[in-house]
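# Architecture and fold: a report
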2 protein chains.
Amino acid sequence: MKSVNSDLAYDYIRKRILNGKLAPGQSLTTKTLSVEIGVSRTPVRDALRQLEADGLVTIQTHLGARVRKVDLKEFREMCLLRLALESFAAGLAAMNRTEEDLREISDALDAMRGLTELIVTTPMDKEGPVLEELRREDVRFHIAIMTAAKNDLMKTEILRLHLINRVVSTPVPETEASVNRKAVDARRRGVLAEHAQIYAAIAKGESTTARDAMAKHIQDIIDNTVRVLASSKSGRLSRPLTEEELSYVP
Amino acid sequence: MKSVNSDLAYDYIRKRILNGKLAPGQSLTTKTLSVEIGVSRTPVRDALRQLEADGLVTIQTHLGARVRKVDLKEFREMCLLRLALESFAAGLAAMNRTEEDLREISDALDAMRGLTELIVTTPMDKEGPVLEELRREDVRFHIAIMTAAKNDLMKTEILRLHLINRVVSTPVPETEASVNRKAVDARRRGVLAEHAQIYAAIAKGESTTARDAMAKHIQDIIDNTVRVLASSKSGRLSRPLTEEELSYVP
DNA sequence: CTTGCCCAATGTGTATACAATGGTATGTCG
DNA sequence: CGACATACCATTGTATACACATTGGGCAAG
């Protein structure tokens, strides 16, 4: 954003937060970070302010910065915000999508379809990479829709919410099989079916159908997340993100 | 937020932007502001970053900060964002409102009703204060609904958008009667009718009705704004805000 | 007269030194 | 022994000094 050092600090801290090296609630002292990064405290302060605007850290006067830690109330509110925006965006996408947008959405959907089928025949201990790829295509699907909505502000805002959500409390990838294989597979097929409905509505240009389908989809995601979070008693909800995921906000 | 000086600078610059003393596009040099406020450049820089996060200024590396100036594309996108959020919030309000929330909404509605009728019998050169009060009750109505929605994040976000909208391009209060009195009165009655519909839906707990009514309402506001903006050829779209309005973001 | 470059002036970005404040540990008194 | 007051310390907030990027104007060449 500004010059080299501010960006340096920003990227450094952001990555550390996003890949879990800095846990939610952990305090970030400017001095420590500045020597770690090799710059002075000033650009570090700037970076922290920026990250605060992103919603990744909180700053209190004279008490310093901490990695943001959202409570259940905030979490619910964020989910609802995401629901509002992303469903609306789906409605827009149905109206504004180009053929190219449609192809991109379709591609992501097809890829997910293939991967979902593939997983069924994959031994559980070898499915890690496939899951990773599935996640990636899932994100690609949602991003493709936001792009098709032709509203950059909305897209940016939604991506911001996605990112906070992922860092702050994540669905604990289904590898932690607190539920059995059959249920997980069923859920995956459910997601796929919802995606297909959303795609169909967007393809046909049915705005309200697309909106409602997306709303239902995200509501399901939220329900599932909450359920998983409730079952995992660990207070620590964050999960490291891959390099790829880290850069999915513009 | 932080300490005294940063807040000082933040409040000072923010007010100057919001009441129109600093026009959109105008450049903000840290040195000038710092001597004006009587602090050093550091807190000024901090304030500018904060204002950038609020969406009121833009900062470019080595080029400094300018009061934000949105083009038509951004303006449309912001309006749509507001539409998405505020209509959703109306739907939430229909589900979550308490009796007290309802009373507050109703009060604002009644006040607007009275003022709208009053205006008809007020000579055009004396209606200024009444218009001001009408605006205030209008804002109060919308805020009351956001409050009833019981989602602080959403409320904050909507208020942020409201504020940017007002500063950056405002409906040029109908005093600039580019249209005749009858049309303006008709529009006022239309707004009132829409508010009444929204209130009724919220009172009855009809979520989707409330949402759709709010969506229509805001769409009308946008349409009207765009029409007024189009008719006024002046490139300068900002309007000073009153002290009261300045502080309507928490 | 136009066009290109160079250079100075303006202003930002960064570092460092200093002031102010909150937290903590220690000591004293009830 | 416990509670409160106080003094110290760590860390943030602020100011200032310096380095460097951008911009605009002047000067020279075509």
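Report on the accompanying structure. Every chain begins its residue count from 1, and numbering advances along the sequence as written. Throughout, the order in which chains and ligands are written sets their labels, letters from A for the former and numbers from 1 for the latter. A pLDDT threshold of at least 70 governs which residues receive local features in this predicted model, and a stricter bar of 80 or more applies before side-chain atom pairs are shown or counted, although totals over entire chains, interfaces and linings include all residues. The side-chain values count all of the structure's non-hydrogen atoms but skip hydrogen atoms and water molecules.

## Here we look at the interface of chain B and chain A
Rules: The criterion used for residue contact is that any of the two residues' heavy atoms lie within 4.5 Å. Summed over both partners, the accessible area (1.4 Å probe) lost when two parts come together is defined as the buried area. Here, a salt bridge means any Lys or Arg side-chain nitrogen found within 4 Å of an Asp or Glu carboxyl oxygen. N or O atoms closer than or at 3.5 Å make up a polar contact, with two conditions inside protein: a donor-capable atom paired with an acceptor-capable one, and, for residues adjacent in sequence, both atoms drawn from side chains. By the criteria applied, helices consist of DSSP H or I runs no shorter than four residues and strands consist of E runs no shorter than two, each listed in order from the N terminus.
Of the residues lining the interface, 31 residues belong to chain B; the matching set on chain A comes to 31 residues. Between chain B and chain A, a total of about 2,800 Å² is buried, with carbon and sulfur atoms accounting for 55% of that surface. For the pair chain B and chain A, the interface holds six salt bridges. Notably, a salt bridge pairs Asp152 of chain B with Lys73 of chain A, separated by 3.2 Å at the nearest N-O pair. For the pair chain B and chain A, the interface holds twelve residue pairs in polar contact (both at pLDDT 80 or more). At the level of elements, helix H3 (41-54), helix H4 (72-96), helix H7 (152-168) and helix H9 (207-231) of chain B are the ones that each hand at least two residues to the side of chain B that touches chain A. No other element matches H4 of chain B, which puts eleven residues into the side of chain B that touches chain A.

## Details of the packing of helix H2 (residues 30-37) of chain A against helix H3 (residues 41-54) of chain A
All names here are of chain A. Just so we agree on the cut-off: Inter-axis angles, ranging from 0 to 180 degrees, are taken between N-to-C directions of lines fitted to C-alpha atoms, where helices are fitted over the stretch in contact. Angle categories: roughly parallel below 35 degrees, roughly antiparallel above 145, roughly perpendicular from 65 to 115, and oblique for all the rest. Note on convention: the crossing is left-handed when the near helix lies turned anticlockwise from the far helix by less than a right angle, right-handed when the turn is clockwise. Each residue receives one of three labels: charged for Asp, Glu, Lys and Arg, nonpolar for Ala, Val, Leu, Ile, Met, Phe, Trp, Tyr, Cys and Pro, and polar for the others, Gly being one of them.
Look at H2 against H3: their axes get within 9 Å of each other, and the N-to-C directions meet at 110°. Between H2 and H3, the angle falls in the class roughly perpendicular. As H2 packs across H3, the resulting crossing turns out to be right-handed. Of the residues in H3, those touching H2 at Thr30, Lys31, Leu33, Ser34 and Ile37 are Arg41, Val44, Arg45 and Leu48. In terms of residue class, the contact of H2 with H3 is made up of four nonpolar, two polar and three charged.

## A closer look at the relation of the copies chain B and chain A
Just so we agree on the cut-off: A least-squares superposition brings the copies together, and it is based on the C-alpha atoms of residues with pLDDT no lower than 70 in both.
If you rotate chain B by 180° and push it 0.0 Å along the axis, it lands on chain A with an RMSD of 0.0 Å. Such values leave the two copies arranged in the relation of a two-fold axis. Closest approach to the rotation axis among the C-alpha atoms of chain B is made by Ala53 of chain B, whose C-alpha sits 2.8 Å away. Most of the interface of chain B is mirrored in chain A: 97% of its interface residues are interface residues there too.

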